[in-house]
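Survey of secondary and tertiary structure
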Amino acid sequence: MAHRFLARRIWTLSVTDVRCLPSSAVASSSRASFLAPSRTLAVSHAVRRAVSFNVQDNEDFTERVINSDLPVLVDFHAQWCGPCKILGPRLEKAVAKQKGRVAMAKVDIDDHTDLAIEYGVSAVPTVIAMRGGDIVDRFVGIKDDDQLDSFVCKVIGQ
C-alpha cells in the first residue's frame, strides 16, 4: 500500500507545484523523508520560453511568428528531405548561440501546404527571416555553419 501511495504522489506532483516550493525545503535536513511534504525537491532554474518550436496551425503561426516581438526564422522543411535533416540541427545551433534574441519556427510543408504556398516556398529547405510580420530575408538550400551564423546575425541586426 505504501508503494501505491508513493507512486500516486509522484505522478500527481506537477511542475508548477515544484516551481513554487521555497529553495530552503531541500537544505533543511539531510535525513529528510521522501514523503514529507515540507522536504520536497525544488527546481532552481526558471522555465524558459522555447526558442525553437513546431508550428501547429495557421493561428499558431500568426500568434508565434507574425505577432512575435523577436525576429523569427521560419524553417520550411519536409520529413523526406535529406538536406532539411542536415540544415535543421545547424540552424537550431545558430539560433541557440544568440541566447534568446531570435526564435525559430519549424513548418512541415506536407502538414501546412497552405503556409508554404502563401510564402512562395517552391523548394525545401527554405528559411524565411521575419521581423514584425514582415519578411526580412530568405534563402533556399543548405548552408554551412559560418553562413548560418552570419545570416542570423544579419537578421537580428548585429
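The structure reproduced in this document is the subject of the present report. (Residues numbered from 1 in each chain as written. Predicted model: local features only at pLDDT ≥ 70, side-chain atom pairs only at ≥ 80, totals over all residues. Heavy atoms only, no water.)

**Quick look at the state of the cysteines**
For the structure shown, the criterion picks out one disulfide. With its sulfur 2.4 Å from that of its partner, C81 forms a disulfide with C84. Its torsion about the S-S bond being 80 degrees, the disulfide of C81 and C84 is classed as right-handed. Look at C84 and you get buried, because its relative accessible area is 6%. (Disulfide = S-S within 2.5 Å. Buried < 20%, exposed > 50% of the residue type's maximum accessible area, 1.4 Å probe, protein only.)

**What to know about the pattern of salt bridges**
Close approach of charged atoms lets side chains of opposite charge pair. Taken as a whole and assessed by the stated rule, the structure comprises five salt bridges. Between K93 and D145 there is a salt bridge, with its nearest N and O atoms 3.9 Å apart. Note that K93 is positioned in helix α5 (residues 82-96) and D145 in helix α7 (residues 145-156), a separation of 52 residues in sequence. As a salt-bridge pair, K154 and D137 come within 2.5 Å of each other at their nearest N and O atoms. Note that K154 is positioned in helix α7 and D137 in strand β5 (residues 134-140), a separation of 17 residues in sequence. (Salt bridge = Lys/Arg side-chain N within 4 Å of Asp/Glu carboxyl O. Helix = DSSP H or I, 4+ residues; strand = E, 2+ residues; numbered from the N terminus.)

**Remarks on α7**
Under the 1.5 Å per step criterion, the end-to-end length of α7 is 17 Å for twelve residues, consistent within 8% with the ideal 16 Å. Listing the buried residues of α7 in full gives L148, D149, F151, V152, V155 and I156. The buried residues of α7 all sit within an arc of 160 degrees when viewed along its axis, so they share a single face. Seen from the open side of α7, the exposed residues pointing more than 90 degrees away from its buried face are D146 and K154. One side-chain oxygen of the residue at the start of α7 lies 3.3 Å from the amide nitrogen of D146, identifying that residue as D144. At the exit of α7 stands G157, carrying a positive phi of roughly 90 degrees. (Expected span 1.5 Å × (residues − 1). Arc of directions from axis to C-beta. Polar contact = N/O pair within 3.5 Å; in protein donor to acceptor, adjacent residues only side chain to side chain.)

**Overview of the pairing of strand β2 (residues 72-77)**
In terms of burial, β2 is a largely internal element, six of the six residues being buried. Burial of the side chains of β2 extends over both faces: V72, V74 and F76 are buried on one face and L73, D75 and H77 on the other. As paired strands, β2 and strand β3 (residues 103-108) are joined by six bridges and run parallel to one another. Residue D75 lies in a different strand from β3, and its bridge partner there is K106. Read from β2 through α5 to β3, the crossover connection turns out right-handed. Bridge count between β2 and strand β4 (residues 126-131): five bridges; the pairing is antiparallel. (Pairing = 2+ DSSP bridges. Right-handed = clockwise from strand over helix to strand, strands pointing away.)

**Some thoughts on the nonpolar core**
Across soluble globular proteins, nonpolar side chains show a tendency to be buried alongside one another. Among the nonpolar cores identified, the biggest contains 21 residues, and F61, V65, V74 and F76 are the most heavily contacted of them. Where this core is concerned, the elements lending two or more residues are α4 (58-66), β2, β3, α6 (113-118) and β4. With residues near it in sequence (within four places) discarded, F76 still touches V107, I109, L115, A116, Y119, V121, V124, P125, T126 and I128. Counting 15 residues, the second largest nonpolar core, distinct from the first, contains V102, M104, V155 and I156. (Core = buried A, V, L, I, M, F, W, Y, C linked by side-chain atoms within 4.5 Å. Contact = heavy atoms within 4.5 Å.)

**Describing unusual backbone geometry**
Of the consecutive residues V124 and P125, the connecting peptide bond is found in the cis state with omega at 0 degrees. With phi around 50 degrees, K99 is a residue other than glycine that occupies positive phi space.

**Let's talk about the environment of A105**
Tracing the chain through its elements places A105 in strand β3. In this structure the C-alpha to C-alpha distance between A105 and V55, which are 50 residues apart in sequence, comes to 6.3 Å. Setting aside its immediate chain neighbours within four residues, A105 contacts F53, V55, V65, V72, L73, V74 and D75.

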